[in-house]
Number of protein chains: 2
Amino acid sequence: MSQKIIIVGAGLTGSLLAIYLARRGFQVDIYERRPDMRKVAISAGKSINLALSTRGIHALEQVGLAEKILQDAIPMKGRLIHPISGNTSFQPYSIQANEYINSISRRTLNVNLMDEAEKFPSVKFFFNHRCTGMNLENGAAYFIDESTGNTLTASGDTVIGTDGSASAIRMEMLKSGFFNFSQTYENYGYKELTIPASSNGGFRIEKNALHIWPRGSYMMIALPNAEGDFTCTLFMPHHQSERNLSQLKTEQDVVRFFQEVMPDACQHMPTLVEDFFNNPTGNLLTVKCFPWHVKGKVLLMGDAAHAIVPFFGQGMNCCFEDCYYFDQLMDDFGDDWAQIFEAFGNLRKENTDAIADLAVENFVEMRDLVAQKDFILKKQAEAILEEQYAGAFISKYAMVTFHRLPYATALKRGRTQDKVLMEICGKISTIEDFNPAAAMEKIRMEWEKLGQ
Amino acid sequence: MSQKIIIVGAGLTGSLLAIYLARRGFQVDIYERRPDMRKVAISAGKSINLALSTRGIHALEQVGLAEKILQDAIPMKGRLIHPISGNTSFQPYSIQANEYINSISRRTLNVNLMDEAEKFPSVKFFFNHRCTGMNLENGAAYFIDESTGNTLTASGDTVIGTDGSASAIRMEMLKSGFFNFSQTYENYGYKELTIPASSNGGFRIEKNALHIWPRGSYMMIALPNAEGDFTCTLFMPHHQSERNLSQLKTEQDVVRFFQEVMPDACQHMPTLVEDFFNNPTGNLLTVKCFPWHVKGKVLLMGDAAHAIVPFFGQGMNCCFEDCYYFDQLMDDFGDDWAQIFEAFGNLRKENTDAIADLAVENFVEMRDLVAQKDFILKKQAEAILEEQYAGAFISKYAMVTFHRLPYATALKRGRTQDKVLMEICGKISTIEDFNPAAAMEKIRMEWEKLGQ
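Everything numeric here is computed off the predicted structure, so don't read it as measured data. (Residues numbered from 1 in each chain as written. Chains lettered and ligands numbered in written order. Predicted model: local features only at pLDDT ≥ 70, side-chain atom pairs only at ≥ 80, totals over all residues. Heavy atoms only, no water.)

## Thoughts on the overall build of chain A
Phase 1: Of regular secondary structure, chain A possesses 15 helices and 19 strands.
Phase 2: For 452 residues, the compact-globule estimate of 2.2 N^0.38 gives 22 Å, and the C-alpha radius of gyration of chain A, at 23 Å, lies within 12% of that figure.
Phase 3: Counting only C-alpha atoms, chain A reaches 70 × 55 × 40 Å along its principal axes.
Phase 4: For chain A, the residues scored as buried account for 56% of the 452 residues in total.
Phase 5: Within chain A, contacts between residues separated by at least 24 positions form 70% of all contacts whose residues are at least 6 apart in sequence. (Helix = DSSP H or I, 4+ residues; strand = E, 2+ residues; numbered from the N terminus. Rg over C-alpha atoms; globule rule 2.2 N^0.38 Å. Buried < 20%, exposed > 50% of the residue type's maximum accessible area, 1.4 Å probe, protein only. Contact = heavy atoms within 4.5 Å.)

Next comes the structure, spelled out in structure tokens:
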């Protein structure tokens, strides 16, 4: 008899993990609070499109799914910056043609992963099952079937909580003591809005870009969908800022605001007012905790262990990387869950902390810096260095997005590079004044200080 | 009809707050999970004696209780350091005769406060009532009477959660979203032990001191009790250290360990082995959260809002200071709870964060630095500066302990002073080489940089 793993949460992490486990011959029972999204339309309006990149693609490749998943994705080659004036400019993500990110809808991706998981006879999904807690001693997990009101207890050889940033499994660990935990909200809310496809089904604005309307303390972004529409997200302080969400109370407030600060987007948003008032306001949350497991009985993975803000486009990529490393550890430790769980936390914690911090920092970059002269020069300088010192110099963005270096390394090296380059670019007025050799020497010196 | 306040938790904060509120004419219903400690012996073994100092005394003075409470306390004039060699040395807390801290048992203090609170006919205690949650919208608090098993709902004009570091009220706020929260455990456990009174009822070791056995990564402390005994507490890593609690498994382990590293204490501890194995292992936890209130419906106060580690002897003093400032805000805002709660958080948060950080830092000082040459010189240098620059120079310890400066100010100024003095003392070999005027000039320069 093969071992049975209880997975709590059939989101992106849980569904991919089920595939990894099933390939190793484990039985997987996966319990999900929501109904089956393949049968029922689940309320959207709080999703933010996803940007699939190297780490995520690599984890999908291991289970033979990358090619299939990427068929539904739209390449985004760089940031398209929209100033108020309307004179857009394009900031490429890389000088390499094959280095871009891929816009994909959460729903499409999740459905694909569920379908793939269900192809294994050993994987069973239980929808509408809300986890109400678990016994950390014996590993029993408790659920209520919300379609019938019945309660049930699931027992397997171990439990893995992939139940997201508001994890019920984690709440159980929080109550049990000796569990380090923090949840930190930004003073920002977000609203999902839309730019629909044009009447002939085409894209109303540039298709292969991540669009940003950077406005200092707030911003809007737009990501393309395969159907020709764009998912837009407005990020804005709740309170305490010159411009904030609490000021947008009436239809007139909303229309005036968008006409004033994003006139070029506004003209493509016929359902702006309805979207704004019908869609819920999302919040931006970072969750850190440790240890992620209780003996061999339960492990947190994905957002349940490390929820991050979306500004580096790494939430899903990081979660998929979790699955990949977890699978690697099964090579080393078989089904010794206590060992695997301990090693998994020790391997991943430093890196998930790093991407959490990088994601918060990137918010400042997106909403403010991308519009500033020094930053634009720095991006140009990075492109020059990446070309002249190919293999040696990799920008922070590229280390995170197009490489699989540990996030903690990307953070340390990347911050150092950014500091050196921002200093240099603060002193020059055009990119012609940039001295790549001198910059590279300074960067190498700083790297050495890091001991890397 | 006067307003009714529901207090959850009749510990030190809840009991003193009840007195403050009753004096203003409010009705107070105070619900406590434990039985009435005045009637039932409540299991001890996890208390740590308290050190009452200026902030706490000041808050008691406002309600006319300081003198009475201090009758049960024992002055501790300084730290008595016990090296392995047995050659003890005394480090006074101050050069002022009236600057000392007061050892008092948690139980005695709590009983006194309950007795005083109950003298007000408008204060009612409900013991054995465990809070199971509350409705943050309407302010109803839910309890189970553990003596009968009955559940009940308490409703008043507002709720104040003084239910300690594992607050049930705070858990409700944590579940509700948009609540910043962190709990951080040190990798340390603690064991309460005892040095009993001598056969004639006297103190076996120096009465008027806080005793420390500093051993680098771990330490024991002992505080005097009025009955002639000392409450000792061993603080030691759980794991991952040359010496840790997990190594002390058998009676022989414990006896050998104490004989080896604290021989002078060991000889006064006839019940060492029983105490060690009968008493539970406590954990050291810092809790930070914000906001502390939900509209005017509920407020967290005391450890529920800001639990800290015990190494600055400020946990209770900080909680009593909470009560004092809360009372001051009622002068300004009457019974406008939403305003009072908002102002209270804004006033206190920075300071409770500061004492939390200071308390963690002081652990290193107590277990390690007090035994080191530079640190001993620094203490001597501080005494010289406090004398020669009376009124201008106040040591960090004194700012926190003998003054009522905001904790955040004490932290900023204190860290600056410590840095300057430790640098100077690292370069001299005896206190005769210390140049007070030069040191003071450097300190003043650093203060100026702080903008204070």
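## Some points on helix 11 (residues 337-367) of chain A
Phase 1: Here helix 11 of chain A contains 31 residues, and its C-alpha end-to-end distance of 43 Å stays within 8% of the 45 Å for a straight helix at 1.5 Å per residue.
Phase 2: Maximal helix bending in helix 11 of chain A amounts to about 40°, located at A:R348. (Expected span 1.5 Å × (residues − 1). Bend = angle between axes of the 7 residues up to and from the residue.)

## Overview of the pairing of strand 14 (residues 210-214) of chain A
Residues and elements named next belong to chain A.
Phase 1: Counting buried positions along strand 14 gives 5 out of 5 residues, so the element sits mostly inside the fold.
Phase 2: Side chains of strand 14 alternate between two faces, with L210, I212 and P214 and H211 and W213 buried alike.
Phase 3: Pairing of strand 14 with strand 15 (residues 219-224), which is carried by 4 bridges, proceeds in the antiparallel orientation. From the neighbouring strand, H211 faces strand 15, where its bridge partner is A222.
Phase 4: Taking the residues that link successive antiparallel strands as the turn, the strand 14-strand 15 hairpin has 4 residues, and the phi of G216 there is positive, at about 85°. (Pairing = 2+ DSSP bridges.)

## Regarding the sheet that holds strand 18 (residues 293-294) of chain A
Residue and element names in this part refer to chain A.
Phase 1: With mixed pairing, 6 strands are arranged side by side in an open sheet as 8-2-1-12-19-18. Each of the sheet's edge strands pairs with one partner strand only, and the pair in question is strand 8 (123-126) and strand 18.
Phase 2: Here 4 bridges tie strand 2 (residues 27-31) to strand 8, and the two strands are oriented parallel to one another. Within the sheet, the bridge partner assigned to V28 lies in strand 8 and is V123.

## As for the sheet that holds strand 7 (residues 101-104) of chain A
Residue and element names in this part refer to chain A.
Phase 1: Taken together, the 3 strands give an open sheet; going across it, the order is 3-7-4, and neighbouring strands pair in antiparallel fashion. Each end of this open sheet is capped by a strand with a single partner; those strands are strand 3 (50-52) and strand 4 (74-76). This sheet shows a mean twist of 40° between the axes of neighbouring strands, independent of strand direction. (Axes fitted to C-alpha atoms, helices over the stretch in contact; angles between N-to-C directions.)

## Re the relation of the copies chain B and chain A
Phase 1: Between chain B and chain A, which share one sequence, the superposing operator has a rotation angle of 180° and an axial displacement of 0.0 Å; the RMSD is 0.0 Å. Within this description, the copies of the chain are treated as partners about a two-fold rotation axis. No C-alpha of chain B approaches the rotation axis more nearly than that of B:S182, which lies at 2.0 Å.
Phase 2: Counting the interface residues of chain B, we find that 100% of their copies in chain A are interface residues as well, pointing to one common contact surface. (Least-squares fit on C-alpha atoms with pLDDT ≥ 70 in both.)

## So, the domain arrangement of chain A
Residues and elements named next belong to chain A.
Phase 1: One can read the domain layout of chain A as domain 1 (4-40 + 107-182 + 285-362) and domain 2 (372-449).
Phase 2: Distance from the C-alpha centre of domain 1 to the C-alpha centre of domain 2: 36 Å.
Phase 3: Each side of the interface is counted separately: domain 1 has 15 residues, and domain 2 has 11 residues.
Phase 4: Together, the buried faces of domain 1 and domain 2 total about 1100 Å²; carbon and sulfur atoms form 56% of this surface.
Phase 5: Interface area lost by domain 1 to domain 2 is led by F312, N351 and L358, which between them contribute 39%.
Phase 6: Our enumeration of links across domain 1 and domain 2 arrives at 2 salt bridges.
Phase 7: In this structure, K396 engages E361 in a salt bridge whose closest nitrogen and oxygen atoms are separated by 3.7 Å.
Phase 8: Our count for the domain 1 to domain 2 interface comes out at 4 residue pairs in polar contact (both at pLDDT 80 or more).
Phase 9: Among the elements of the structure, helix 10 (315-333) and helix 11 are those that each provide at least two residues to the side of domain 1 that touches domain 2.
Phase 10: At 8 residues, helix 11 tops the list of elements feeding residues into the side of domain 1 that touches domain 2.
Phase 11: A per-class count over the side of domain 1 that touches domain 2 returns 7 nonpolar, 3 polar and 5 charged. (Domains from an automatic or database assignment. Buried area = accessible area lost by both parts, 1.4 Å probe. Salt bridge = Lys/Arg side-chain N within 4 Å of Asp/Glu carboxyl O. Polar contact = N/O pair within 3.5 Å; in protein donor to acceptor, adjacent residues only side chain to side chain. Nonpolar A, V, L, I, M, F, W, Y, C, P; charged D, E, K, R; others polar.)

## Regarding the interface of chain B and chain A
For an interface, size is often stated in terms of accessible area lost upon the parts coming together.
Phase 1: On the side of chain A, 16 residues touch chain B, which itself brings 16 residues to the contact.
Phase 2: Summed over both partners, the interface of chain B with chain A comes to about 1300 Å²; 59% of that surface belongs to carbon and sulfur atoms.
Phase 3: The largest contributions to the chain B side of the interface with chain A come from B:F178, B:Q183 and B:Y185, which together make up 45% of the buried area.
Phase 4: The tally of links from chain B across to chain A stands at 0 salt bridges.
Phase 5: Seen at the junction of chain B and chain A, the total is 8 residue pairs in polar contact (both at pLDDT 80 or more).
Phase 6: Those elements giving two or more residues to the side of chain B that touches chain A turn out to be helix 5 (168-175) and strand 13 (180-195) of chain B.
Phase 7: Top contributing element to the side of chain B that touches chain A by residue count: strand 13 of chain B, with 8 residues.
Phase 8: Looking at the side of chain B that touches chain A residue by residue, the classes come out as 6 nonpolar, 8 polar and 2 charged.

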